[in-house]
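Fold and contact review
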Amino acid sequence: MDWFGRAKIGFTHSRTPLTLQKKDGTTTDLLKVCEAATPTCQMNPLLFNGHIQTMWTAVKEHGPQIYYRRRVFDADHKTYHGSFAVDFVVEPHKDVDAALPPRTAHFSQEDFAKIGSDDSRPMLICLHGLSGGSHEVYLRHAILPLVESGEWEVCVINARGCANSSITSEVLFNARATWDLRQLVKWLRETFPNRPLFAVGFSLGANILTNYVGEEGADCALKGAISVSNPFELNVTNKALQRTFLGKEVYQRVMGSNMKKLINFHKESLVNSTKLDFDEIDRLTYLYEFDRAVQTVTWGYPTETAYYRDASSSDAILGIRIPFFAIHAEDDPIAVQEAIPYEEFKQNPYTVLVTTSLGGHLSWFELGGGRWHAHPICNFLKLMASDIQLDTIKPTMVNGITDEAKKTHFYPALRKLEILQN
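The notes below deal with the structure included here.

So, how was this worked out
Residues numbered from 1 in each chain as written. Predicted model: local features only at pLDDT ≥ 70, side-chain atom pairs only at ≥ 80, totals over all residues. Heavy atoms only, no water. Axes fitted to C-alpha atoms, helices over the stretch in contact; angles between N-to-C directions. Helix = DSSP H or I, 4+ residues; strand = E, 2+ residues; numbered from the N terminus. Parallel < 35°, antiparallel > 145°, perpendicular 65-115°, else oblique. Contact = heavy atoms within 4.5 Å. Nonpolar A, V, L, I, M, F, W, Y, C, P; charged D, E, K, R; others polar. 1 Å grid on protein atoms, 1.4 Å probe; cavity = no way out; pocket = protein on both sides within 12 Å on 5 of 7 lines; lining within 4 Å. Points joined across faces, edges and corners; volume = space filled by probe spheres on them. Salt bridge = Lys/Arg side-chain N within 4 Å of Asp/Glu carboxyl O. Buried < 20%, exposed > 50% of the residue type's maximum accessible area, 1.4 Å probe, protein only.

1. A short note on the packing of helix 7 (residues 234–243) against helix 12 (residues 304–311)
In contact at an axis separation of 7 Å, helix 7 and helix 12 are set at 130° when each is read in the N-to-C sense. Relative to helix 12, helix 7 is oriented oblique. Counted together, L234, N235 and N238 of helix 7 and T305, Y308, R309 and A311 of helix 12 form the full contact between these two elements. Residue composition of the contact of helix 7 with helix 12, grouped by class: three nonpolar, three polar and one charged.

2. Brief notes about the layout of surface pockets
By volume, the largest pocket amounts to about 1,400 Å³. Taken together, 42 residues form the lining of the largest pocket, with T57, A58, E136, Y138 and N258 sitting closest to its centre. Elements represented by at least two residues in the lining of the largest pocket include exactly helix 2 (50–55), helix 4 (137–149) and helix 8 (245–265). Top contributing element to the lining of the largest pocket by residue count: helix 8, with eight residues. In the lining of the largest pocket, the residues fall into 19 nonpolar, 15 polar and eight charged.

3. Brief notes about the pattern of salt bridges
Pairs may arise between side chains of opposite charge once their charged atoms sit close together. If you walk through the whole model with that rule in mind, you get 14 salt bridges. Where E153 meets R121, a salt bridge forms, and the shortest distance between an N and an O atom there is 2.9 Å. Within this pair, whereas E153 is found in strand 8 (residues 153–158), its partner R121 is found in the loop between helix 3 (109–113) and strand 7 (123–127), the two being separated by 32 residues in sequence. Residue classification places R121 among the partly exposed positions, given a relative accessible area of 28%. A salt bridge links E343 to K346; the shortest N-O distance between them is 3.2 Å. Pair noted here: E343 and K346 are both in helix 13 (residues 342–347), with a separation of three residues, about one helical turn.

Have a look at this one:
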């Protein structure tokens, strides 16, 4: 056990981290920025392991008071049509909408029509965890320092059907559903052309974000991204959870129950537009059973394990070409340590992984109720936005991933090795 809650911190990175130009004319590198962003990790000593840290999240905490205005976007994907909701952080208001989470109300048409701006304030996009939303306490803790600074704009993209958003097509979301994020980034780039865009993802949202950044590669419009408690290898985490009593009877059961509630909330919208068997859904207990009954049917995967293999984000690490900071607790009982792609991080100079020996899953509870993960997240974002010449960051080929002298070519986004023609 770490001494009185003082967690050990470790960094995994390339031998030659990405060089970054500073605004004062000097240079630094991505590892140094991540190290500077990461403070001492002092956890509440009474919450002395990952299980206790994670289970403490069940304690009903009000958390920071963050106010939102919601906008529903019509999806522009040719296959996965429908809509998704984005919550923008705004000044406190007194509007109440019983159909939405607390402190959240819709934009008026008039106000949203005026949202565009030529300002250069940095903007953060947040992706929540499984069945969550903009209301999640861990997310609000993470963005509070940025909101209080008055220097950042923040929005949260809610996965389809989450945070009381409507389902207007035959699908919800999955761990590789990157198209709504891609559309939002494109819209933000057009609406706020001078704002540097960053993103942070939590748990399943971190997996989606990592996949997106890896898929975009050199064309990614973000200036930096942060992954927090990413499950990375979904098949590994699934098997690890099923191996233990707590993993199966607590975590798998709770997550399965949450997803059952979510899909039953939207049953009326889905019952006539899908082939889902809601009687079977009512009988399931665990998350992997839910994925077997729902994700395979709605997305066309033959098995839930095929879905887990395809949606995992570990290979996407190799395709990233923007500064990428991953934060993970080694005692995370859900996004387990054995699923962390350490070697992939070592291969890519655009990525740095920091691990703490304590913290649990999206927990990191400090004495007094604070959440440690907010510190490295906000410190990294502030350092990147204030100290680094973002326009000088150029995507380049990374040795070992693309090499013309080799006879093969590995595509991270496709997770395939191609045999090159003679």
